[in-house]
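A look at the structure
The primary structure of each chain is shown beneath.
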Amino acid sequence: MGVNSNICDNWYETLSNDALLARSACEVLAAFKARALTPSAYLDACLAQISRFNPKINAIAAMDIEGAIACAAAATQRWRDGCPLGPLDGLPIGVKDLQNTKGLLTTHGSIRARGYIPDSDLPMVARLRAAGAIILAKTNVPEMGAGGNSRNRVWGATGNPFDANLIAGGSSGGSAAALAANFLPLCTGSDTGGSLRMPAALCAVVGYRPSVDVIAHPTRPLGWSGISVLGPMARTVDDLTLMLDVCQGYDADDPLTAPSVTGRFAELPSTDLKDLRVGFSEDFGSAPVEQSIRETFRARLEVLRPQVKECRAADLDLGDMDRCFDILRAESFGVAFGEAVAQDPDSFGAHIKDNVALGQTMSLADRGWAHAEQTKILRKFNALMAEFDVIVLPTSPVSPFAWTEPYAEVIDGQKMDIYYRWLALCYRGSLTGGPSITLPCGRDAAGMPFGLQVLGSLRGDESLLSAAKAMEGLFELSEQTTRPLANLERLPHSDVDLKSIVTHPADLSAGLATPNAALRTAV
């Protein structure tokens, strides 16, 4: 992993815009270093791609074009002088619209914040900016990050780059779609119940949920509850670890983070697939999964099985994971939004209000049970991971469905009892506090991207990422499992206008320097 500077001069001049934008972040940075490509020229290509194709998928929310052009010009001069600001100097990135960006509209997909301009960066964003990244755009989300379908009343819905009528996933759906559409080489995300992994799976990119101690998240409403984490999204594992190494680190306001070594993820240990012990589960302890997804997953196992030391079923029935997650999520949403919902319920959508209402039915005894159950779940998972290096399973139980549907209501004949239950394959893994990654792995039976989810041991991030890189290399060798590419030229617009649901568009004239006192985030 790392930036390879062995690139011929002016190689980018022989590439079409599409081919240039398909290059990895590592390759683009290597071209900057070799003076074969300038940040200004690369930014121009990104802006042209966004201008042409964002109307088809609506992945991008607010943008700072003028500021980005100035930053790219400064980065171009620094690369010419041989003194880049940091490892990401001149690379334009997207930031999830739940995460504060100084001077750039941050709406949380909420009508309450449609004019909110923060006066400071989220610490993760500040680290990216300090490393030279150009904060070009915000990426679309569900309202306040609630749910697996990135749509809201401020920006509208994000369509999948492989079929704009279908969901891109959520809550980091705008980031995943922007990556798949080659708008940007890197994007940020966050994950409570699968918000990094699910959209990555549905859009054929890489999404990583790190262990709870890796990236400081000092805006959690409950600082000691680790079900919500921040993380990177990219198109390759190398690009992802490049970004992760910049984002990782301690912050005193996040008591779950710990001091770490600079460059922790700069060079991963090497993993040979023939030494890898792989566990697998089709359904993470009997979560509902469509039969076609099970069949696709089994086909992927047959590709992996001959290459690894061991591949056998893992018992992931770790406890009452659904009830445990319900309570932990509800307490977080109650703290973040309960007071504001009581004061002004009409300014929130159903998902937020449903979570708050659910929490109001719970007692202190419920909360105590949930935290005790989460501890038991972790200890059972730790015992299981003594037998395996990684565990693989599907990321999504269904192929992408119409974005006009709020969530998957029925899976394999089973009706979902709450809007996020269809995310169980992801959120059950969140309860361990450990790392998990989604790798693009071909297409499902419907021809849409299929993402393989890989779980690792708590604080075993380096080992998991190394195994993921080895698996990525294997998948690249076969047409069945290689990362599929979206064709935006041939992509029709959604049959239903993606912005038809907008009732309160972004209001740049408001220019709020401070947020509504009740505006918080639970994810």
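To keep things clear, this report deals only with the structure shown in the data block. (Residues numbered from 1 in each chain as written. Predicted model: local features only at pLDDT ≥ 70, side-chain atom pairs only at ≥ 80, totals over all residues. Heavy atoms only, no water.)

Description of the overall build of the protein chain
- Helix and strand counts for the protein chain stand at 14 helices and 17 strands.
- For the protein chain, the C-alpha radius of gyration of 21 Å lies close to 24 Å, the compact-globule estimate for 523 residues.
- With the principal axes as the frame, the protein chain shows a C-alpha extent of 60 × 60 × 50 Å.
- Evaluated residue by residue, the protein chain yields a buried proportion of 60% over its 523 residues.
- For the protein chain, the computed accessible surface area is about 18,600 Å², with 50% contributed by carbon and sulfur atoms.
- When the 46 basic and 59 acidic side-chain charges of the protein chain are each reduced to a single mean position, those positions are 1 Å apart. (Helix = DSSP H or I, 4+ residues; strand = E, 2+ residues; numbered from the N terminus. Rg over C-alpha atoms; globule rule 2.2 N^0.38 Å. Buried < 20%, exposed > 50% of the residue type's maximum accessible area, 1.4 Å probe, protein only. Areas by Shrake-Rupley, 256 points an atom, 1.4 Å probe, with all protein chains shown as cover. Lys, Arg positive; Asp, Glu negative; His and termini not counted. Charge placed at Lys NZ, Arg CZ, Asp CG, Glu CD.)

Description of the pairing of strand 10 (residues 229-234)
- Burial runs high along strand 10: 6 of the 6 residues are buried.
- Covered by surrounding structure in strand 10 are Val229, Gly231 and Met233 together with Leu230, Pro232 and Ala234, the residues of both alternating faces.
- Where strand 8 (residues 186-191) and strand 10 come together, 5 bridges link them in antiparallel fashion. Its bridge partner being in strand 10, Asp191 is matched across the sheet by Val229.
- In terms of strand pairing, strand 9 (residues 206-209) meets strand 10 through 2 bridges, oriented antiparallel. Bridge pairing in strand 10 places Gly207 opposite Met233. (Pairing = 2+ DSSP bridges.)

Things to note about helix 3 (residues 39-57)
- Across its 19 residues, helix 3 extends 25 Å between first and last C-alpha, which sits within 8% of the 27 Å expected from 1.5 Å per residue.
- The sharpest bend along helix 3 comes to roughly 40 degrees, located at Ser51, with the proline Pro55 sitting one to four residues further on.
- What helix 3 keeps buried is the set Pro39, Tyr42, Leu43, Ala45, Cys46, Leu47, Gln49, Ile50, Phe53, Asn54, Lys56 and Ile57.
- Trailing helix 3 by a residue or two, Asn58 shows a phi angle of about 55 degrees, which is positive. (Expected span 1.5 Å × (residues − 1). Bend = angle between axes of the 7 residues up to and from the residue.)

A few points about the layout of surface pockets
- Of the pockets and cavities examined, the largest pocket occupies roughly 560 Å³.
- Surrounding the largest pocket, 27 residues form its lining, Ala22, Asn182, Arg235, Arg483 and Leu485 being those nearest its centre.
- When residues of the lining of the largest pocket are traced back to their parent elements, those giving at least two are helix 1 (17-22), helix 3, strand 16 (436-443) and helix 14 (461-475).
- Residue contributions to the lining of the largest pocket peak at 3 residues, all from helix 1.
- Per-class residue counts for the lining of the largest pocket are 12 nonpolar, 7 polar and 8 charged.
- The wall of the second largest pocket is formed by 20 residues, among which Trp224, Gly226, Leu256, Gln374 and Leu431 lie closest to the centre.
- Taken together, the residues of the lining of the second largest pocket sort by class into 8 nonpolar, 8 polar and 4 charged. (1 Å grid on protein atoms, 1.4 Å probe; cavity = no way out; pocket = protein on both sides within 12 Å on 5 of 7 lines; lining within 4 Å. Points joined across faces, edges and corners; volume = space filled by probe spheres on them. Nonpolar A, V, L, I, M, F, W, Y, C, P; charged D, E, K, R; others polar.)

A word on the pattern of salt bridges
- With the rule as written, the count across this model stands at 26 salt bridges.
- Two residues, Arg220 and Asp254, come together in a salt bridge whose shortest N-O distance is 2.9 Å. One end of the pair, Arg220, is in the loop between strand 9 and strand 10; the other, Asp254, is in the loop between helix 8 (237-247) and strand 11 (277-280), and 34 residues separate them in sequence.
- Look at Asp254 and you get buried, because its relative accessible area is 0%.
- If you follow the salt bridges from partner to partner, you end up with Glu282, Asp283, Arg294 and Arg298 in one network. (Salt bridge = Lys/Arg side-chain N within 4 Å of Asp/Glu carboxyl O.)

Regarding the pairing of strand 2 (residues 92-96)
- Of all 5 residues making up strand 2, 5 are buried, and the element is well covered by its neighbours.
- On strand 2, burial covers both faces: Pro92, Gly94 and Lys96 on one face and Ile93 and Val95 on the other are all buried.
- Crossover handedness for the path strand 2 to helix 5 (residues 123-130) to strand 3 (residues 134-139): right-handed.
- As paired elements, strand 2 and strand 8 share 2 bridges and run parallel to each other. Across the sheet, Gly94 pairs through a bridge with Cys187, a residue of strand 8. (Right-handed = clockwise from strand over helix to strand, strands pointing away.)

Description of the packing of helix 10 (residues 321-343) against helix 12 (residues 364-385)
- Following both chains from N to C, one finds helix 10 and helix 12 inclined at 125 degrees, their axes separated by 9 Å at the closest point. Between helix 10 and helix 12, the angle falls in the class oblique. Regarding helix 10 and helix 12, the two cross each other, and that crossing is left-handed. Together, Met321, Arg323, Cys324, Ile327, Leu328 and Glu331 of helix 10 and Asp366, Arg367, Trp369, Ala370, His371, Glu373, Gln374 and Ile377 of helix 12 make up the contact between the two elements.
- Broken down by class, the residue content of the contact of helix 10 with helix 12 amounts to 7 nonpolar, 2 polar and 5 charged. (Axes fitted to C-alpha atoms, helices over the stretch in contact; angles between N-to-C directions. Parallel < 35°, antiparallel > 145°, perpendicular 65-115°, else oblique. Left-handed = near helix turned anticlockwise from the far one by under 90°. Contact = heavy atoms within 4.5 Å.)

Things to note about the environment of Trp422
- Take Trp422: it is sitting in the loop between strand 15 (414-415) and helix 13 (424-430).
- Along the sequence, Trp422 and Glu409 sit 13 residues apart, while their C-alpha atoms lie 7.7 Å from each other.
- In this structure Trp422 touches Gly148, Ile167, Met198, Ser396, Pro397, Val398, Phe401, Tyr407, Ala408, Ile411 and Met416, once residues within four positions along its chain are discounted.

A short note on the packing of aromatic side chains
- Evaluated as defined, the whole model comprises 9 aromatic pairs.
- Here the aromatic rings of Phe337 and Phe348 are separated by 6.2 Å at their centres, their planes lie at 55 degrees, and the arrangement is tilted. Highlighted residues: Phe337 in helix 10 and Phe348 in the loop between helix 10 and helix 11 (350-360), separated in sequence by 11 residues.
- Consider the rings of Phe401 and Trp422, whose centres lie 5.2 Å apart with planes at 75 degrees: the pair is edge-to-face. Here Phe401, found in the loop between strand 13 (390-394) and strand 14 (410-411), pairs with Trp422, found in the loop between strand 15 and helix 13; they are 21 residues apart in sequence, far enough to count as distant. (Phe/Tyr/Trp six-rings, centres within 6.5 Å; stacked < 30°, edge-to-face > 60°.)

Quick word on helix 2 (residues 25-33)
- For helix 2, a buried count of 7 out of 9 residues is recorded, marking the element as mostly surrounded by other parts of the structure.
- Taken residue by residue, helix 2 has Ala25, Cys26, Val28, Leu29, Ala30, Ala31 and Phe32 as its buried positions.
- For helix 2, the secondary structure elements touched by its buried residues are helix 3, helix 4 (65-81), strand 8 and helix 8.
- Within two residues after helix 2, Arg35 carries a phi angle of roughly 60 degrees, on the positive side.

Topic: the nonpolar core
- Core analysis: the biggest nonpolar cluster contains 132 residues, and Leu88, Phe337, Ile391, Val392, Trp422 and Met471 have the highest contact counts within it.
- Looking at which element gives the most residues to this core, the answer is helix 10, with 10 residues.
- Once you skip the residues sitting within four places of it in the chain, Leu88 turns out to touch Leu29, Leu128, Ala131, Gly132, Ala133, Leu186, Leu242 and Val246.
- Ranked by size, the runner-up nonpolar core spans 30 residues in total, among them Phe53, Ala59, Ala72 and Leu491. (Core = buried A, V, L, I, M, F, W, Y, C linked by side-chain atoms within 4.5 Å.)

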